[in-house]
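# Coordinate analysis (summary)
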Amino acid sequence: MSVRLYLDSVRQPRMPDGSAGEWGDFFDGAMELEAKNWPPLLWWAMFSRGDVVEARIADTEDVGTDEHAELLSEWGEATYPYLVVDQPTALSRLHARRQGLTSRLGARFSPLYDEFVALIDARFGPYVLLRTEALADGGEGGIRLRFEDTLADLERLDGGHATAADGPVDNLISYFHRWQHTDPVWLLSGVGDGWPSVALRERFAATAVGRSSRRTAARSTAVDWVWGVLVVVCGIGGYWLTGSAWPVVVASGVVLTVLVAGFVRRRG
């Protein structure tokens, strides 16, 4: 089952405090992006290890609610890590790490990176909060360690060094390259109100359709040849059984028809 993570524009440099009843006023229409299962690469690019903060799991719900009582009963005082940074620092890191990341992602994704930076500049602040309560494990699963390893790897870019081979950032980029044909915007930056822009969505949707069409054409060609081979085999078998050349002639005609029809279909 997938979990949802959120990147929020917030007024305070911390998570809302459920023990103070702050969740009720948190969802006030400020900009929010959503991602699935793990923070996208462009979210990570705004943070460093000093931005990792802990919050109590029970306080992901407001005090006085059944949900808060259940979490308190299950987790007690256990905490989970999240990330928060002021917007100017987030923008500074995005600019500083741009070359190191876009060179690995590929030049055609540079416009996506730049539009994401513009989004953070225009619609986030004064702080940027990465809400990871869905990953809460009470400290048992090493989530904080994984966060710190990923951020330490990114910090290598700040010193002019490449990220570690087979390190956390390398793994994020490899995952993106494997699945980029599905929805590169979602994979790199998440989605939200007004994001991505219509132009950006159409640009990468066209790319995805083109890749899908090429894969479909390749599969269609393979199927045509398989049918052709089967018909020829059957024709030769007919000749062997009957001694007549007619099965081979018919098979050849069928193969030619199948291949011509497949070519016409792919040409549209």
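A brief structural summary. (Residues numbered from 1 in each chain as written. Predicted model: local features only at pLDDT ≥ 70, side-chain atom pairs only at ≥ 80, totals over all residues. Heavy atoms only, no water.)

### Regarding helix 3 (residues 87-105)
Definition in use: What the bend at a residue measures is the angle between two axes, fitted to the seven residues ending there and to the seven starting there. Each helix is a run of DSSP H or I of at least 4 residues and each strand a run of E of at least 2, with the numbering of both proceeding from the N terminus. When a residue's accessible area, from a 1.4 Å probe over protein chains only, is under 20% of the maximum for its type it is buried; when over 50% it is exposed; and in between it is partly exposed.
Of all bends in helix 3, the biggest is about 55°, found at arginine 98. Those residues of helix 3 that sit buried are Gln87, Ala90, Leu91, Arg93, Leu94, Arg97, Leu101, Thr102 and Leu105. Following helix 3 by one or two positions, glycine 106 adopts a phi angle in the positive range, close to 115°.

### Concerning the side chain of arginine 93
Quick note on the threshold: Any pair of nitrogen or oxygen atoms within 3.5 Å is treated as a polar contact; in protein, a donor-acceptor pairing is required on top of that, and neighbouring residues in sequence qualify only through side-chain atoms on both sides. Any two residues whose heavy atoms approach within 4.5 Å are treated as being in contact.
Mapped onto the elements of the fold, arginine 93 is located in helix 3. A relative accessible area of 18% places arginine 93 in the buried class. Only 3.1 Å separates the side chain of arginine 93 from the backbone oxygen of methionine 46, close enough to count as a polar contact. If we skip the residues at most four places from it in the chain, arginine 93 touches Ala45, Met46, Phe47, Ser48, Asp51 and Val85.

### Description of the side chain of serine 110
If you trace the backbone, serine 110 turns up in helix 4 (residues 110-123). Serine 110 sits in the buried class, given a relative accessible area of 13%.

### Brief notes about the sheet that holds strand 5 (residues 127-131)
Definition in use: Two strands qualify as a pair provided DSSP detects at least 2 bridges between them.
With antiparallel pairing, the 6 strands of this open sheet are ordered in space as 3-4-5-1-2-6. Looking at the sheet topology across the chains shown, the edges are occupied by strand 3 (52-56) and strand 6 (191-192). Bridge count between strand 2 (residues 32-36) and strand 6: 2 bridges; the pairing is antiparallel. Along strand 6, the bridge assignment pairs leucine 33 with glycine 192.

### Overview of the nonpolar core
Side chains of a nonpolar character, in soluble globular proteins, are inclined to be buried together. Convention followed: Nonpolar cores were defined as sets of buried Ala, Val, Leu, Ile, Met, Phe, Trp, Tyr and Cys residues, with membership established by side-chain atoms within 4.5 Å.
Counting residues in hydrophobic clusters, the biggest one holds 47 residues, and the most contacted among them are Leu7 and Phe116. With residues up to four places along the chain from it excluded, the contact list for leucine 7 reads Met31, Glu32, Leu33, Trp43, Met46, Phe47, Phe116, Ile120, Phe124, Val128, Leu129 and Leu130. Of all hydrophobic cores here, the second largest spans 13 residues; its members include Met15, Phe26, Ile57 and Leu129.

### Digging into the pairing of strand 1 (residues 4-10)
Extensive coverage of strand 1 is indicated by the burial of 5 of its 7 residues. In the sheet, strand 1 pairs with strand 2 via 5 bridges, with the strands oriented antiparallel. For tyrosine 6, the partnering residue across the bridge sits in strand 2 and is glutamate 34. Where strand 1 meets strand 5, 5 bridges bridge the pair, whose relative direction is antiparallel. Its bridge partner being in strand 5, leucine 7 is matched across the sheet by leucine 130.

### Considering the packing of aromatic side chains
Cut-off, in case you're wondering: Within 6.5 Å between ring centres, the rings of Phe, Tyr and Trp (the latter by its six-membered ring) count as paired, and their orientation is classed by plane angle as stacked under 30 degrees, edge-to-face over 60, tilted in between. As a reminder, the over-ring test applies to NZ of lysine and CZ of arginine, requiring each to be within 6 Å of the ring centre and within 35 degrees of the ring normal.
In total, this model carries 10 aromatic pairs according to the counting rule given. Ring centres 5.7 Å apart and planes at 65° place the aromatic pair tryptophan 38 and phenylalanine 147 in the edge-to-face group. One end of the pair, tryptophan 38, is in the loop between strand 2 and helix 1 (41-44); the other, phenylalanine 147, is in helix 5 (residues 143-158), with 109 residues separating them in the sequence. The same class applies to tryptophan 38 and to phenylalanine 147, which are both buried. Seen in terms of ring centroids, tryptophan 44 and phenylalanine 147 are 5.4 Å apart; in terms of plane orientation they differ by 75°. Their pairing is edge-to-face. You can see tryptophan 44 sitting in helix 1 and its partner phenylalanine 147 sitting in helix 5, a full 103 residues away along the chain. Each of the two residues, tryptophan 44 as well as phenylalanine 147, counts as buried. Grouping aromatic residues by their ring pairs yields a cluster made of Trp23, Phe26 and Phe27. Sitting over the ring of tryptophan 38, arginine 146 keeps its end group 4.3 Å from the ring centre. Looking at arginine 203, its charged tip hangs above the ring of phenylalanine 204, at a distance of 5.9 Å from the centre.

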